[in-house]
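What follows is each chain in one-letter form.
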Amino acid sequence: MQGYLWKKGQLRRNWKERWFTLRPSYLSYYTGEDRKDCQGNIVLDGNCCVEVLPDRDGKRCMFCLKTLSKTYEMSASDTKQRQEWTAAIQTAIRLHVEGKNSLHKDLKLKRREQREQREKRRQAKEEELQRLRALQEERERKLAELELLKEAQKQAQVLMEQDEQRRRQQHEQLQRTLEIQLREAEEARVSMQAEMALKEEEAEKQRKRIQELEEMQKRLEEALQQEIKARLDEEGFRYAQARLLAEEEEKMKALMALQEEQEEYILKTQREKQELKQEMEAKSQALDEAQRQLEEVRANRHRVDQDVVAAQRKLRQASTNVKHWNVQMNRLMRPIGPGEKRPSLGSSYQTFQMPTQRDPGLRLRRRSGSEDQSEESKENVDNRAGCDMEKRHSHASNGDMDIP
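Residues numbered from 1 in each chain as written. Predicted model: local features only at pLDDT ≥ 70, side-chain atom pairs only at ≥ 80, totals over all residues. Heavy atoms only, no water.

Brief notes about the overall build of the chain
And then number 1: Scanning the chain for helices and strands turns up 4 helices and 7 strands.
And then number 2: Reading the helices (α) and strands (β) of the chain from amino to carboxyl end gives β-β-β-β-β-β-β-α-α-α-α.
And then number 3: In the chain, buried positions account for 17% of the 404 residues.
And then number 4: Look at the contacts in the chain between residues 6 or more apart in sequence, and 41% of them connect residues 24 or more apart.
And then number 5: Summed over its atoms, the accessible surface of the chain is roughly 32800 Å², and 52% of this surface lies on carbon and sulfur atoms. (Helix = DSSP H or I, 4+ residues; strand = E, 2+ residues; numbered from the N terminus. Buried < 20%, exposed > 50% of the residue type's maximum accessible area, 1.4 Å probe, protein only. Contact = heavy atoms within 4.5 Å. Areas by Shrake-Rupley, 256 points an atom, 1.4 Å probe, with all protein chains shown as cover.)

This is the structure we're talking about:
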């Protein structure tokens, strides 16, 4: 950020207009916009602060920048410019404290946040407008339904008025008929006044007829009222019947849907049963095949164990023969001293005379012979132990084969 500000001098305390340039770590001021003559640099760190000052000395929109050593008083052209400079300097100080180097990045992030907030507000407004439109459409729909209901009510009212008018006309016609009859009776009574005495009985009959007619009129009125009530009840019953029919239709639809779902579920269950049955048959076949292969493997193992036992028997016999011939060869290879007889093959177990101790070669041969005999006895013991172990192994393997 850069621009002209008025700055108060430190020595003369006079006001001069300087071109200020704000950078992330310091604030520079020059004599002009060309920035050729730099008058000073103010280092911005965590010890700096910006304060707004009241108007004085004929200057307005004043603020100061305080450091550890000095206080710089400045004046802006208007309040907006002062607010921008103070906010920018405080942002630069905060970025320096936080270890950031770019003011533009922070401003860019702020602008991005502002754009996101504006976008969120716009989306919220659009959602609110959509909701209002939906509410308006719902309101219009309800108003249309209300108009339809009013129209139906008006039609019902018209029908009721027509019925009432028709009943009134019938009543008026009946009244006119009765009035005509009464008028005729009155005329007859007037015309027959002269003959009252003679026709008193006839007049009494006429009065009775009039009373009967009045009673008939009352009965007719009562019948009309009952008819009106019956018609109203009939309308109510019709409305209830229509509602029950609609509910019955809905229930029938739901019942048909449930029946279709039940049929689909039954078909699905049958298919799953068939698949499980096929899978169980396949698994049983695989199990039979595995059982058959296991029996073949056991039979092969039994034959192989028999072959191994026979081979071990032959090996023991061959090793016994080899050791026997080694012993015979060792006895035949011994030197015969003076006056000694050569032992025959049949007398291999007879004693012979020990050589004298003067011949060291004979002593060495005797030691080797005794060592061979001890080794032979050890080998015989080992062979017997090996035979016992092989017999146990063969019995154990035969026992394993006997198990189904």
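From this point on, the discussion continues.
Some points on the nonpolar core
And then number 1: Ranked by internal contacts, the top residues of the largest apolar core, which has 20 residues, are Leu-22, Leu-27, Leu-65, Trp-85 and Ile-89.
And then number 2: Within the residue set of this core, elements represented by two or more residues are strand S2 (15-22), strand S3 (26-30), strand S6 (62-66), strand S7 (71-75) and helix H1 (79-98).
And then number 3: At 5 residues, H1 tops the list of elements feeding residues into this core.
And then number 4: Look past the residues within four positions of Leu-22 in its chain and what remains in contact with it is Met-1, Leu-27, Leu-44, Trp-85, Ala-88, Ile-89 and Ala-92. (Core = buried A, V, L, I, M, F, W, Y, C linked by side-chain atoms within 4.5 Å.)

Topic: the pattern of salt bridges
And then number 1: All told, the structure shown has 19 salt bridges when counted by the stated rule.
And then number 2: Here Glu-164 makes a salt bridge to Arg-167, at a shortest N to O gap of 2.7 Å. Of this pair, Glu-164 and Arg-167 both sit in helix H2 (residues 103-191), 3 residues apart, roughly one helical turn.
And then number 3: Residue class for Arg-167 comes out buried when judged on its relative accessible area of 11%.
And then number 4: If you follow the salt bridges from partner to partner, you end up with Lys-8, Arg-56 and Glu-73 in one network. (Salt bridge = Lys/Arg side-chain N within 4 Å of Asp/Glu carboxyl O.)

Let's talk about the environment of Lys-110
And then number 1: Here Lys-110 lies in helix H2.
And then number 2: Residues in contact with Lys-110, not counting those within four places in the same chain, are Thr-91 and Arg-94.

A look at a negative patch on the surface
And then number 1: A cluster of acidic residues, Glu-247, Glu-248, Glu-249 and Glu-250, forms a negative patch on the protein surface.
And then number 2: Mapped onto the secondary structure, Glu-247 falls in helix H3 (residues 200-332). (Patch = residues over 30% accessible without salt bridge, like charges linked within 9 Å, V, L, I, M, F, W, Y side chains within 5 Å. Lys, Arg positive; Asp, Glu negative; His and termini not counted. Charge placed at Lys NZ, Arg CZ, Asp CG, Glu CD.)

Regarding the sheet that holds S7
And then number 1: The sheet built from 7 strands is open, its strands ordered S4-S3-S2-S1-S7-S6-S5 with antiparallel pairing. Single-partner strands in this sheet number two, and they are strand S4 (38-43) and strand S5 (49-53). Strand-to-strand twist in this sheet, taken as the mean axis angle between neighbours without regard to direction, amounts to 35°.
And then number 2: The pairing of S5 with S6 spans 5 bridges and is antiparallel. Counted as the bridge partner of Val-52 is Phe-63 from S6. (Pairing = 2+ DSSP bridges. Axes fitted to C-alpha atoms, helices over the stretch in contact; angles between N-to-C directions.)

What about the state of the cysteines?
And then number 1: What the rule picks out here adds up to 0 disulfides.
And then number 2: Free cysteine: Cys-64, not disulfide-bonded; nearest cysteine sulfur from Cys-49 at 6.8 Å.
And then number 3: Taking relative accessible area as the criterion, Cys-64 reaches 1% and is therefore assigned buried. (Disulfide = S-S within 2.5 Å.)

Digging into H1
And then number 1: Counted at 1.5 Å a residue, the expected span for H1 with its 20 residues is 28 Å, and the 28 Å between its end C-alpha atoms agrees.
And then number 2: Positive phi shows up at Gly-99, right after H1, with a value of about 85°. (Expected span 1.5 Å × (residues − 1).)

Concerning the pairing of S2
And then number 1: S2 sits mainly inside the fold: 6 of its 8 residues count as buried.
And then number 2: Hairpin remark: strand S1 (residues 2-8) followed by S2, antiparallel, with 6 residues in the connecting loop; positive phi at Arg-13, about 60°.
And then number 3: Bridging between S2 and S3 involves 4 bridges; their strand directions are antiparallel. Bridge assignment links Trp-19 to a residue of S3, and that residue is Tyr-30.
And then number 4: Hairpin connection between S2 and S3: a loop of 3 residues separates the two successive antiparallel strands.

Quick word on a nonpolar patch on the surface
And then number 1: Together, Leu-129, Leu-132 and Leu-135 make up a nonpolar patch on the protein surface, roughly 260 Å² of accessible area in all.
And then number 2: Residue placement: Leu-132 occurs in helix H2.

Some remarks on the side chain of Ser-75
And then number 1: By secondary structure assignment, the location of Ser-75 is in strand S7.
And then number 2: Overall, Ser-75 belongs to the buried group, its relative accessible area being 3%.
And then number 3: For Ser-75, the side chain forms a polar contact with the main-chain oxygen of Arg-60, separated by 2.7 Å.
And then number 4: Dropping the residues within four chain positions of it, Ser-75 is found in contact with Leu-5, Trp-6, Trp-15, Lys-59, Arg-60, Cys-61 and Met-62. (Polar contact = N/O pair within 3.5 Å; in protein donor to acceptor, adjacent residues only side chain to side chain.)

Quick look at the packing of aromatic side chains
And then number 1: Counted under the stated rule, the structure contains 3 aromatic pairs.
And then number 2: Between Phe-20 and Tyr-29 the ring centres are 5.5 Å apart and the planes differ by 35°, which places this aromatic pair in the tilted class.
And then number 3: One aromatic cluster in this structure is built from Phe-20, Tyr-29 and Trp-85. (Phe/Tyr/Trp six-rings, centres within 6.5 Å; stacked < 30°, edge-to-face > 60°.)

A short note on H3
And then number 1: End to end, H3 covers 189 Å across 133 residues, agreeing with the expected 198 Å (1.5 Å per residue, within 8%).
And then number 2: Looking only at H3, the buried set comprises Ala-203, Leu-213, Leu-224, Ile-228, Asp-305, Lys-323, Val-327 and Gln-328.

Some remarks on unusual backbone geometry
And then number 1: Positioned with a positive phi, Arg-13 is a non-glycine residue whose angle comes to about 60°.
And then number 2: On the accessibility criterion, Arg-13 (40% relative accessible area) is partly exposed.
And then number 3: With phi around 55°, Arg-35 is a residue other than glycine that occupies positive phi space.
And then number 4: The topology assignment puts Arg-35 in the loop between S3 and S4.

That is the geometry; function is a separate question.
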